[in-house]
Each structure stands twice: as C-alpha cells, then as structure tokens.
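Structural overview
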Amino acid sequence: MGKEPDINHRIWQVVALIPAGRVATYGDVAHMADLPGAARRVGAALRVLPSGSKVPWHRVINAQGRLSLPEGSDGYYTQRERLEAEGVLFSVKNTINLRQFRLSRGR
DNA sequence: AATGTGACTACCC
DNA sequence: AGGGTAGCCACAT
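This text gives an overview of the structure that appears in the document. All of these numbers come straight from a predicted model, not from anything done at the bench. (Residues numbered from 1 in each chain as written. Chains lettered and ligands numbered in written order. Predicted model: local features only at pLDDT ≥ 70, side-chain atom pairs only at ≥ 80, totals over all residues. Heavy atoms only, no water.)

With that settled, consider the protein's contact with DNA strand C. Neighbouring DNA strand C are the residues Ile 7, Leu 35, Pro 36, Gly 37, Ala 38, Arg 40, Arg 41 and Lys 93. When atoms of DNA strand C within 4 Å of the protein are split into backbone and base, the sugar-phosphate part holds 69%. For DNA strand C, a base oxygen lies 3.2 Å from a polar atom in the side chain of Arg 40. Residue Arg 41 places a side-chain N or O atom 3.4 Å away from a sugar or linking oxygen belonging to DNA strand C. (Near = heavy atom within 4 Å. Polar contact = N/O pair within 3.5 Å; in protein donor to acceptor, adjacent residues only side chain to side chain.)

Restricting attention to buried positions, one finds in helix α1 (residues 7-15) the residues Asn 8, Ile 11, Trp 12, Val 14 and Val 15. For α1, the arc enclosing every buried residue in end-on projection is 160 degrees, short of the 170-degree limit, so these residues lie on one face. Turning to α1, the residues buried within the fold contact α2 (26-32), α3 (39-47) and β2 (60-61). In this structure Asp 6 caps α1, since a side-chain oxygen of it lies 3.1 Å from the backbone nitrogen of Asn 8. (Buried < 20%, exposed > 50% of the residue type's maximum accessible area, 1.4 Å probe, protein only. Helix = DSSP H or I, 4+ residues; strand = E, 2+ residues; numbered from the N terminus. Arc of directions from axis to C-beta. Contact = heavy atoms within 4.5 Å.)

Pasting the structure below:
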C-alpha cells in the first residue's frame, strides 16, 4: 500500500492534532502531512470537510496571520468566533500574532 | 496529455 | 506597508 488512498483524510488527521488555543498555517499542516509545498491542497481538503465534523478546521490560518476565508462571509465569522472563544487574540488589523499562537514545528 | 483552479507562499517592487 | 506576480502542488475537466 505505497499509495495514499485519501490525502484529505491524512490532512484532517493532522489538523485534529492542533490543540485548542493554538493555530497552524496551511503550510505547516501541509508539511506535517508530508506534503511540503502543498499548502493550497490543505485549503481544498478543509473546504470539502463534511459539516458537523469534529475536525478543528478553524485553527488553520494563512502565513500572514489572517483568516483566508473572505472577510464578511459566514465562514469568516464562524472561524473568528471559535478562535476567540479559545483565547486566540486578534489585533485591530484582524491578524493573529503567530509568534504567540502558532504551533511550533519540529523541536 | 493539456489546461484551469485555488481556505497558499515567498518575492519583488 | 501593501498590492501584484510568479511559483507550487494535487485535482478536476
């Protein structure tokens, strides 16, 4: 079984490892899922996540510390509310301080 | 096989 | 600082 039957599943599994109150970038998740450079693929996997799933997709943000969902969309506010409920702070410019909340890689 | 897409990134002005 | 651009990767047509 050298071939992965379901990349999405592997990505979701990695996302499930992000603890509450912390975030990871799409690039981080791609790297952790053994798909270095495939950050966009991570977004695609989250996009098709079944609603009602327990996977904490809201903890995945972009490398600029911003939410990638269109500002003003339902998804944007859902993500933001969930993060704030977990204690993740947003600056007045709607950015998250990665130094403080990003899950460190490696170590 | 070729082309188009995107919840991304790193660079370059 | 902020917007434009060109890579990038796996998928869908």
